[in-house]
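Below are the chains, spelled out letter by letter.
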Amino acid sequence: TISVRAQMTAILRRLNESSISKFSDLFKPEQGATYVVVNFIALLELAKEGLVRIVQPENYGEIEISLKDGLETNEAEMLSNGLETDNENLNKEN
């Protein structure tokens, strides 16, 4: 199964590796509707928590996702590790 927390971790890790990611690069429609929906919810949750910035520099242009200004790469890595730990704990409970 795929979880929102796991996808939040994956997105944070991706943004740690490259400072900006295109919206379309975060989604792989060939993996199915469930994957796309969970990934989208994970992205919205990261934005709600103030961890990522979502901008569209030009009208009808590509949407760009980046770590929130002031969020250090190490801090984002710690957050993604914390999410991963939460995931492991949830899996143990189920």
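Please refer to the structure higher up on the page.
Residues numbered from 1 in each chain as written. Predicted model: local features only at pLDDT ≥ 70, side-chain atom pairs only at ≥ 80, totals over all residues. Heavy atoms only, no water.

Below, the discussion takes up helix H1 (residues 4-17). Relative to the 20 Å expected for 14 residues at 1.5 Å per residue, H1 spans 20 Å between its end C-alpha atoms, a close match to the ideal helical length. Of all the residues in H1, the buried ones are Gln7, Met8, Thr9, Ile11, Leu12, Leu15 and Asn16. (Helix = DSSP H or I, 4+ residues; strand = E, 2+ residues; numbered from the N terminus. Expected span 1.5 Å × (residues − 1). Buried < 20%, exposed > 50% of the residue type's maximum accessible area, 1.4 Å probe, protein only.)

Another point: the nonpolar core. The biggest cluster of nonpolar side chains holds 13 residues, and the ones touching the most others in it are Ile11, Leu15, Leu26, Leu43, Leu46, Val52 and Ile65. Elements represented by at least two residues in this core include exactly H1, helix H2 (33-48) and strand S3 (64-67). No other element matches the four residues that H1 contributes to this core. Non-local contacts of Leu46, meaning those with residues more than four positions away in its chain, are made with Met8, Ile11, Leu12, Leu51 and Val52. (Core = buried A, V, L, I, M, F, W, Y, C linked by side-chain atoms within 4.5 Å. Contact = heavy atoms within 4.5 Å.)

Strands sit in the order S1-S3-S2 across an open sheet of three strands; the sheet is antiparallel. Each end of this open sheet is capped by a strand with a single partner; those strands are strand S1 (20-22) and strand S2 (52-55). Across the sheet, the mean angle from the axis of one strand to that of its neighbour is 25°, orientation sign disregarded. Contacting S2 and S3, H2 runs over the sheet at an angle of about 110° to S2. (Pairing = 2+ DSSP bridges. Axes fitted to C-alpha atoms, helices over the stretch in contact; angles between N-to-C directions.)

Take Ser24: it is sitting in the loop between S1 and H2. Using a relative accessible area of 38% as the deciding quantity, one classes Ser24 as partly exposed. Distance in space between the C-alpha atoms of Ser24 and Glu62 is 7.8 Å, their sequence separation being 38 residues.

On to the pairing of S3. As paired elements, S1 and S3 share three bridges and run antiparallel to each other. For Ser21, the partnering residue across the bridge sits in S3 and is Ile65. With four bridges joining them, S2 and S3 adopt antiparallel strand pairing. Paired with Ile54 across the two strands is Ile65, which belongs to S3.

Function cannot be read off these values alone, since they describe shape.
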